[in-house]
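Letter by letter, the chains look like this.
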2 protein chains.
Amino acid sequence: MKFEEKTLKSEYVYNGKVLDIKRDEVLISNGHKSVREVVEHSGGVVILAVQNDEVLTVEQFRYPLKKTSIELPAGKLEKNENPDDAAKRELQEETGYIANKWDSLGYIYTTPGFCDEKLYLYLAQDLEFVKEKPDEDEILQAKKTPIKDIYNMIHSGMINDSKTICTIFRAGKYLND
Amino acid sequence: MKFEEKTLKSEYVYNGKVLDIKRDEVLISNGHKSVREVVEHSGGVVILAVQNDEVLTVEQFRYPLKKTSIELPAGKLEKNENPDDAAKRELQEETGYIANKWDSLGYIYTTPGFCDEKLYLYLAQDLEFVKEKPDEDEILQAKKTPIKDIYNMIHSGMINDSKTICTIFRAGKYLND
């Protein structure tokens, strides 16, 4: 296969809390050797929860950016967790809502050059407020934002989170109904 | 500030070729302590090069995914490189084209929960074919794809790369002109 890269040697250089790092030597099909660093991540879910032309958003401090970010509710898969279950869990944890209607919006790779993180995207509708169950090590501010404001926030650069933008894109055909 | 996380201790656990990893202990504003692992990346550029309702795409093997991926031309910033210059360099390296008209489409964070990677997005128009300058350790297949096919490929799940989807979204108002 023309594009393949064959692993010559593979070594874990870090085993962490939410990520592991591998440093592999590879043989490229043009005959060159190279090094590939790979961040291994459990993957996660992103939820676009919509009611009456409003979307649930969460604002939280993103430590790598040293600032807050406005995003859709999202979270990591727990060990052996099914993405559908994770989506229900994360929506309630972060916003207090459950949804009675769920649709898949496929998946994305956040940054496939060096990381295997795969995020499953969902559209959640027919919402009911139950109760938030926030994680001890996250502080979030959930709110409802009109869909048309979300589009403006993406185009104006107020929303710069890739998973949020991708989920809104994939939901386009549902949102325009 | 309500959302802040204060760094109590910071330690590099890996210094690599394209990424470094920090493992920090933080104090969250609710009084809890936690660990934040941060992947530090130089950032990069993504280019939507359009001519006659066709877009330049590149297909390449993505080692972390162990498969090929269809994406827009993109690449890492070199040390001290200006993003505008990187965009011109990467477009020619990967596709052989130069562009006489450039517009900024802002930036995105690919995965802000654990990584600082920031990608600058560009719209490139008025294209001229010059000559490819491929990197020794990348094998790419560049081609022209009709814009309407790109939209279908995103919605059908043939394109799952977040930077590609975000760039097409941000360019929407230009592409519909």
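Residues numbered from 1 in each chain as written. Chains lettered and ligands numbered in written order. Predicted model: local features only at pLDDT ≥ 70, side-chain atom pairs only at ≥ 80, totals over all residues. Heavy atoms only, no water.

J.: Can you help me understand the relation of the copies chain B and chain A in this one?
T.: Taken as rigid bodies, chain B and chain A are interconverted by a rotation of 180° and an axial shift of 0.0 Å, the fit giving an RMSD of 0.0 Å. Those values place the two copies in the arrangement expected of a two-fold rotation axis. When the interface residues of chain B are mapped onto chain A, 100% of them are again interface residues, pointing to one common binding face. (Least-squares fit on C-alpha atoms with pLDDT ≥ 70 in both. Contact = heavy atoms within 4.5 Å.)

J.: Which parts of the structure should I look at to understand the sheet that holds strand E1 (residues 5-15) of chain B?
T.: Neighbouring strands of a sheet are bound in pairs by backbone hydrogen bonds; such pairs are parallel or else antiparallel. All names here are of chain B. What the 3 strands build is an open sheet, ordered E1-E2-E3; its pairing is antiparallel. For this open sheet the edge positions go to E1 and strand E3 (33-41), each flanked by a neighbour on one side alone. On average, adjacent strands in this sheet sit at an angle of 25° to one another, irrespective of strand direction. Two strands pair when backbone bridges link them, and strand E2 (residues 19-28) and E3 are joined in this way by 9 bridges, in the antiparallel orientation. Of the residues in E3, the one forming a bridge with Ile-21 is Val-39. (Pairing = 2+ DSSP bridges. Helix = DSSP H or I, 4+ residues; strand = E, 2+ residues; numbered from the N terminus. Axes fitted to C-alpha atoms, helices over the stretch in contact; angles between N-to-C directions.)

J.: How should the pairing of strand E4 (residues 44-51) of chain A be read in this particular structure?
T.: In the case of a regular strand, side chains alternate between the two sheet surfaces. All names here are of chain A. For E4, the tally of buried residues reaches 7 of 8 residues, placing the bulk of the element in the interior. Inspection of the sheet shows E4 paired to strand E9 (residues 118-129) by 6 bridges, in the parallel sense. If you follow Val-45 over to E9, its bridge partner there is Tyr-120. Pairing geometry for E4 and strand E5 (residues 54-62), over 2 bridges, is antiparallel. The residue of E5 that forms the bridge with Gln-51 is Glu-54. Connecting E4 to the next strand, E5, in antiparallel fashion are 2 residues, including Asn-52 with a positive phi near 50°. (Buried < 20%, exposed > 50% of the residue type's maximum accessible area, 1.4 Å probe, protein only.)

J.: Explain the state of the cysteines here, please?
T.: As used here, a disulfide is simply a covalent bond connecting the sulfur atoms of two cysteines. For the structure on display, the rule yields 0 disulfides over all chains. Lacking any disulfide linkage, A:Cys166 is separated from the closest cysteine sulfur, that of B:Cys166, by 3.9 Å. According to the relative accessible area criterion, A:Cys166 is buried, its value standing at 0%. (Disulfide = S-S within 2.5 Å.)

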